[in-house]
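Chain by chain, the residues run as shown.
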Amino acid sequence: MQDRLMVALDVDCRDKALLMRDAVGESVGWLKVGLRLFVAEGPALVRDLKLTHKLFLDLKFHDIPNTVAQAIESAGGLGVDMVNVHAGGGEEMLAAAAGAAKAFPGMKLIAVTVLTSDPMPKEEAREVALQRAKMALDAGLDGVVCSVHEAAEIKALCGQNFITVTPGIRWGGQDAQDQKRVADPASAIANGSDYLVVGRPILHAPDPAQAAREAVAMMESAA
Ligand SMILES: O=C(O)c1cc(=O)[nH]c(=O)n1[C@@H]1O[C@H](COP(=O)(O)O)[C@@H](O)[C@H]1O
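These numbers were taken from a predicted model, which means no experiment stands behind them.

Peer 1: What is the right way to read helix α1 (residues 14–24) from this model?
Peer 2: Regarding α1, the residues found buried are Ala17, Arg21 and Val24. Projected down its long axis, α1 shows its buried positions confined to an angular sector of 75°, all on one face. The exposed set on the far side of α1, more than 90 degrees from its buried face, consists of Asp15 and Asp22. Elements that come into contact with the buried residues of α1 comprise β1 (5–8), β2 (30–33), α2 (35–49), α8 (200–203) and α9 (208–222).

Structure below.
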């Protein structure tokens, strides 16, 4: 199950990123590089992190179709295993991204549906997430980022092979912080999530590898 756990390396510099990578080691299969770390350290660090783990480049591209397609080409050139765009960019943008990603068959392209921090009412979030997931499927993407609460329905609508990546993971009474739609690792697996994204519950744990193993044990309990 560790191959389905992604650690969000939301730290501010290379040294901290490498320390965290070493701290989690093989207890997780994936590292996620997002805005904070990429803006600070860029592609060189991504290349290094790729040497030991699968890599998800989470920059949520949201721009005109041509610009997003070019950014996807750059991500493909970096050799990342997964990259995302924001489905709010619309059908044409998603199709352009999917077109660009075709040149990189080893890279999964996924779309953010509704951010797990979005305060919109649950039913509205569900409707928008389902509609955007279908749009991503039709545009030729490999899957979506969504909350655990929408994952099962998205699988039912878009097919079991359509990838669901779920952040907003908390367990054992952890603070939800800025996340609005949270769930624990066992519920995520039970609801059909393919990959779980965990940031602060691992980054801020006294022993990050132990926190990751705890999450994996919960994931296994639901399998
Ligand atoms: O695309 C993402 O990864 C993402 C989408 C989303 O809807 N919600 C969300 O939290 N994320 C990312 O997932 C991670 C969650 O971090 P924690 O809340 O610290 O576990 C962060 O790096 C977010 O940028």
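Here the narrative resumes, following the displayed structure.
Peer 1: Quick question: what am I supposed to make of the environment of glycine 99 here?
Peer 2: By secondary structure assignment, the location of glycine 99 is in helix α4 (residues 91–101). Overall, the presence of 14 C-beta atoms within 10 Å leaves glycine 99 in the partly exposed class. Remark: the alpha-carbon pair of glycine 99 and glycine 140, spanning 41 residues in sequence, is separated by 8.1 Å.

Peer 1: Explain the nonpolar core to me, please; I cannot follow it from the model alone.
Peer 2: Residues Met6, Val7, Leu94, Ala97 and Leu196 are the most contacted members of the largest nonpolar core, which totals 75 residues. With 7 residues, α4 is the single largest residue contributor to this core. For methionine 6, the residues in contact, after removing those within four places along its chain, are Val28, Trp30, Lys32, Phe56, Tyr195, Leu196 and Val197.

Peer 1: I tried to follow the UniProt feature "domain: Orotidine 5'-phosphate decarboxylase" (unreviewed entry) in the protein on my own but got confused; where do I start?
Peer 2: Within the UniProt annotation, "domain: Orotidine 5'-phosphate decarboxylase" (unreviewed entry) is assigned to residues 4–215. For residues 4–215, the helix share is 46%, the strand share is 17%, and the end-to-end C-alpha distance is 11 Å.

Peer 1: Could you clarify how one ought to interpret the site of the ligand in this entry?
Peer 2: In the vicinity of the ligand lie 20 residues, with Ala8, Thr116, Pro167, Gly199 and Arg200 positioned nearest. Residue assignment for the shell around the ligand shows that the elements contributing at least two residues are β3 (54–61), β8 (195–198) and α8. Broken down by class, the residue content of the shell around the ligand amounts to 8 nonpolar, 8 polar and 4 charged.

Peer 1: Explain the UniProt feature "active site" (unreviewed entry) in the protein here, please?
Peer 2: Here, UniProt's "active site" (unreviewed entry) annotation points to Asp58, Lys60 and Asp63. With respect to the secondary-structure elements, aspartate 58 resides in strand β3. Since 25 C-beta atoms lie within 10 Å of it, aspartate 58 is described here as buried. Once residues lying within four places of it in the same chain are set aside, the contact partners of aspartate 58 are Lys32, Val33, Gly34 and Asn84. Along the chain, the position of aspartate 63 falls in the loop between β3 and α3 (65–78). A residue is classified by how many C-beta atoms lie within 10 Å of it, and aspartate 63, with 14 of them, is partly exposed. Ignoring sequence-local partners within four residues, the contact set of aspartate 63 consists of Val68 and Gly89.

Peer 1: I tried to follow the packing of α1 against α9 on my own but got confused; where do I start?
Peer 2: Each pair of packed helices gets described by two things: the angle between the helix axes and the distance between those axes. The geometry of α1 relative to α9 is characterised by a closest axis approach of 7 Å and an angle of 55° between their N-to-C directions. It follows from the interaxial angle that α1 and α9 lie oblique. Crossing of α1 against α9: the hand is right-handed. For the pair α1 and α9, the contacting residues are Met20, Ala23 and Val24 in the first and Pro208, Ala209 and Ala212 in the second. Class assignment for the residues of the contact of α1 with α9 results in 6 nonpolar, no polar and no charged.

Peer 1: How should I be thinking about the pairing of β8 in this particular structure?
Peer 2: Within a regular strand, the side chains alternate between the two sheet faces. Burial along β8 is two-sided: the residues Tyr195 and Val197 and Leu196 and Val198 are all buried. Of the pairings in the sheet, the one linking β1 to β8 comprises 3 bridges and is parallel in character. Paired with methionine 6 across the bridge in β8 is valine 197. With 2 bridges connecting them, strand β7 (residues 163–166) and β8 associate as parallel partners. Paired with valine 165 across the strands is tyrosine 195, a residue of β8. Tracing the backbone out of β7, into helix α7 (residues 185–190) and back to the parallel element β8 gives a crossover that is right-handed.

Parameters at a glance
- Within each chain, residues carry numbers counting from 1 in the order of the written sequence.
- Local features are withheld for residues below a pLDDT of 70 in this predicted model, meaning they are given only at 70 or higher, and side-chain atom pairs are given and counted only at 80 or more; totals for whole chains, interfaces and linings count all residues.
- Exposure is read from a count of other C-beta atoms within 10 Å of each residue's own; the residue is exposed at 12 or fewer, buried at 20 or more and partly exposed in between. C-beta atoms are placed from the backbone.
- The way it works is that DSSP assigns letters per residue, a run of H or I at least four long becomes a helix, a run of E at least two long becomes a strand, and they are numbered from the N terminus.
- What the arc measures is the spread of directions leading from the helix axis to the C-beta atoms.
- Two residues qualify as a contact pair if the distance between their C-beta atoms, derived from the backbone, is within 7 Å.
- To count as a nonpolar core, a set of buried Ala, Val, Leu, Ile, Met, Phe, Trp, Tyr and Cys residues must be joined through C-beta atoms within 7 Å.
- UniProt positions are given in the numbering used here, feature names are shortened, and annotations may be inferred rather than shown by experiment.
- The criterion for a residue being near a molecule or strand is a backbone-placed C-beta atom within 6 Å of that molecule or strand.
- Following the grouping adopted for this structure description, the nonpolar residues are Ala, Val, Leu, Ile, Met, Phe, Trp, Tyr, Cys and Pro, the charged ones are Asp, Glu, Lys and Arg, and the polar ones are all others, Gly among them.
- Axis definition: a line fitted to C-alpha atoms, over the contacting stretch in the case of helices. Angles run 0 to 180 degrees between N-to-C directions.
- Orientation labels follow simple angle bins: below 35 degrees gives roughly parallel, above 145 gives roughly antiparallel, 65 to 115 gives roughly perpendicular, and whatever is left gives oblique.
- Helix crossings get a hand from a simple test, with the near helix turned counterclockwise from the far one by less than a right angle marking a left-handed crossing and a clockwise turn marking a right-handed one.
- Whether two strands pair depends on DSSP finding at least two bridges between them.
- Classification remark: right-handed applies to a crossover when, strands pointing away from the viewer, the course from the first strand over the helix to the second runs clockwise.

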